[in-house]
Amino acid sequence: MSELLYLHGVPSATGVIKANPEDFVVIEDLGYPYDGEGEQVLVRIRKIGCNTRFVAEAIAKFLGVHQRDMSYAGMKDRHAVTEQTLCFRVPGNAMPNLAGFQLEGVEILQVIRHKRKLRTGALAGNAFRLVVRQISDRAEVEARLQHIQQSGVPNYFGEQRFGRGGNNLTQAKLWAEDKFRPRDRSMKGILLSAARSQLFNQVTSARLQRDGVLDQVQAGDALQLAGRGSWFVAQAEELAELQQRVNHHELRITAPLAGRGDLGPQGDALAFEQANLAPAADLLALLERERVDAARRAMLVVPKDLRWNWWDDVTLEMQFWLPAGSFATSVVRELLSNGAAAPISDE
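What counts and how
- The numbering scheme is per chain: residues are counted from 1 as the chain's sequence reads.
- Side-chain atom pairs in this predicted model are given and counted only at pLDDT of 80 or more, local residue features only at pLDDT of at least 70, and totals for whole chains, interfaces and linings cover all residues.
- Only heavy atoms go into the side-chain values, all of them from the structure, while hydrogens and water stay out.
- Grouping buried Ala, Val, Leu, Ile, Met, Phe, Trp, Tyr and Cys residues that are joined through side-chain atoms within 4.5 Å yields what is termed a nonpolar core.
- Exposed residues in this analysis have more than 50% of their type's maximum accessible area, buried residues have under 20%, and partly exposed residues fall in between, with area computed by a 1.4 Å probe over protein chains only.
- Secondary structure elements are defined from DSSP: runs of H or I of at least 4 residues count as helices, runs of E of at least 2 residues count as strands, and each element is numbered from the N terminus.
- Note on definitions: a residue-residue contact is assigned when non-hydrogen atoms from the two residues lie within 4.5 Å.
- At least two bridges found by DSSP between two strands is the condition for calling them paired.
- Axis definition: a line fitted to C-alpha atoms, over the contacting stretch in the case of helices. Angles run 0 to 180 degrees between N-to-C directions.
- Pairing of N or O atoms within 3.5 Å defines a polar contact, subject to two protein rules: one partner must be a possible hydrogen donor and the other a possible acceptor, and residues neighboring in sequence count only if both atoms are side-chain atoms.
- When an angle is under 35 degrees it counts as roughly parallel; over 145 it counts as roughly antiparallel; between 65 and 115 it counts as roughly perpendicular; any other value is oblique.
- Rotating anticlockwise by less than a right angle from the far helix to the near helix defines a left-handed crossing, while the corresponding clockwise rotation defines a right-handed one.
- Gly is placed with the polar residues, together with every amino acid not listed as nonpolar (Ala, Val, Leu, Ile, Met, Phe, Trp, Tyr, Cys and Pro) or charged (Asp, Glu, Lys and Arg).
- Whenever a carboxyl oxygen of Asp or Glu lies within 4 Å of a side-chain nitrogen of Lys or Arg, that contact is scored as a salt bridge.
- UniProt positions are given in the numbering used here, feature names are shortened, and annotations may be inferred rather than shown by experiment.
- In this tally, Lys and Arg are treated as positive and Asp and Glu as negative; His is ignored, and so are the chain termini.
- Think of a 1 Å grid over just the protein atoms. A cavity is a set of points where a 1.4 Å probe fits yet cannot get out, a pocket is an open set with protein on both sides within 12 Å along at least five of seven lines, and lining residues have an atom within 4 Å of a point.
- Grid points are joined across faces, edges and corners, and a volume is the space filled by probe spheres set on the points.

1. Quick look at the nonpolar core
Judged by nonpolar contacts, the single largest core of 43 residues is most densely connected at L199, L223 and L283. Counting residues per element, the ones that place at least two in this core are helix 3 (167-176), helix 4 (185-211), helix 5 (239-247), strand 11 (251-257), helix 6 (267-277) and helix 7 (281-289). With ten residues, helix 4 is the single largest residue contributor to this core. When sequence neighbours within four positions are dropped, the list of residues in contact with L199 reads A258, L277, A280, L283, L284 and L287.

Following this line, the structure appears as structure tokens:
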């Protein structure tokens, strides 16, 4: 991550993130109501001191459900206070009784039936509450918060996507060179995701280096409606209108999630992406070989409802909401020089 450019310049202020788990709160937002009926049982939990899969497996065992019949939208950090929904397939009409379930650090908030299985990534986003302590320069952090509130941050994938010490990316490269083979389907997915994330970050940083911003539309760019996955290509005669919509955060300029199929942009925009992807031909070939379909991702994310409160000159509380797939670490990275050091799972 250290080689990736900053939108608001390299920060100099420092601070302590996650001095204790209560300093980092994540509340998952699925973005839709529960059905109240169906063969899936959704269990809303609040947890601290344990990871998502560990809790899901413990509840599955308590319910007598096989692990293949459990799911969740995303992983949440062990060293934080997090709320999320877990899903278990329990056919029938009777509501499972979880009153006797006990696991240190876990509280059952709600149990309700639902018609559809909860899929990975099937959430609207996450709400965050962070407390940052021992801030070295209140004035700089205050100014940066105002810039972030107005202009957002690069939508980089955070360090946790690449594993401890970047090991996921290292293994992906070895796999691309036929020097390593993932042991199972889950590991394959993790490594392929790391490869795509690295390529996205590279192109986004290169765009920032070239333009100095991530919201200047050019002909041929692939644009997305905010919060949508589909994209369309910007035409020269529409640039003025499209730029206005980008300025109002209705549209986002995208970078590639590489894979097989059309990259997305056209003309000079396509040539720019191809030139910046070319050095990673081995990873591109791996994604093609493993039949990963190409997609697009917004290069810029503007935290929604960003607000903050100074407890004193060195302690800051901040709250914001990010869409699914965006990382709180990318917000903190633009705020503090040591902000990317905290291992936060926030997808």
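2. Things to note about the sheet that holds strand 12 (residues 295-298)
Overall, antiparallel pairing links the four strands, which are arranged 10-9-11-12 in an open sheet. Looking at the sheet topology across the chains shown, the edges are occupied by strand 10 (232-233) and strand 12. Relative to strand 10, strand 9 (residues 222-225) runs antiparallel, the two being bridged by two bridges. In the strand pairing of strand 10, L223 is matched with F232. Docked against the sheet, helix 4 engages strand 11 and strand 12, running at close to 130° with respect to strand 11.

3. Digging into the side chain of R297
Within the secondary structure, R297 is located in strand 12. There is a polar contact of 2.9 Å between the side chain of R297 and the backbone oxygen of N155. When residues no more than four places from it in sequence are discounted, the contact partners of R297 are N155, Y156, F157, F200, Q224, I253, T254, A255, L257, G325, S326 and F327.

4. Overview of the packing of helix 4 against helix 6
Across the interface, helix 4 lies against helix 6 with an axial gap of 10 Å and an inter-helix angle of 120°. Between helix 4 and helix 6, the crossing angle belongs to the class labelled oblique. Our pair here, helix 4 against helix 6, has a crossing hand that is right-handed. Of helix 6, the residues touching helix 4 (which contributes L199, Q202, V203, A206, R207 and R210) are F272, E273, N276 and L277. In the contact of helix 4 with helix 6, the residues fall into five nonpolar, two polar and three charged.

5. Some details on the packing of helix 3 against helix 4
The geometry of helix 3 relative to helix 4 is characterised by a closest axis approach of 8 Å and an angle of 100° between their N-to-C directions. Judged on the interaxial angle alone, helix 4 and helix 3 are roughly perpendicular. On helix 4, the residues touching N168, L169, Q171, A172 and W175 of helix 3 are M187, K188, I190, L191, L192, A194, A195 and Q198. When the residues that make up the contact of helix 3 with helix 4 are grouped by side-chain class, the tally is nine nonpolar, three polar and one charged.

6. Describing the pattern of salt bridges
Where charged atoms from two side chains of opposite charge approach closely, those side chains can pair. Counting across every chain of the model gives 24 salt bridges. Among the salt bridges present, the one from D77 reaches K18, with a minimum N-O distance of 2.3 Å. Residue D77 is found in the loop between strand 4 (70-72) and strand 5 (81-89), and its partner K18 is found in the loop between strand 1 (16-17) and strand 2 (24-29); the two are separated by 59 residues along the sequence. Across the salt bridge formed by D221 and R207, the nearest N and O atoms sit 2.8 Å from each other. Of the two residues, D221 is situated in the loop between helix 4 and strand 9 and R207 in helix 4; the sequence distance between them amounts to 14 residues. The two residues D221 and R207 agree in class, both being buried.

7. A word on the UniProt feature "binding site: substrate" (unreviewed entry) in the protein
Per the UniProt record, "binding site: substrate" (unreviewed entry) is annotated on F24, N126 and F327. Look at the named residues: they lie 304 residues apart in sequence, but the longest C-alpha span between them is just 13.2 Å, so in the fold they bunch up. The topology assignment puts F24 in strand 2. The topology assignment puts F327 in the loop between strand 15 (315-323) and helix 8 (328-333).

8. Here's the deal with the side chain of R196
One can find R196 in helix 4. The buried charged residue R196 lacks any salt bridge partner; its closest oppositely charged side chain belongs to D293, at an N-O distance of 7.8 Å.

9. Looking at empty space enclosed by the protein
Applying the stated criterion across every chain yields a total of one cavity of 30 Å³ or more. Of the pockets and cavities examined, the largest cavity occupies roughly 30 Å³. In terms of lining residues, the largest cavity is bounded by L214, D215, V246, L251, R252, I253 and L300. Tallying contributions element by element places strand 11 first for the lining of the largest cavity, with three residues.

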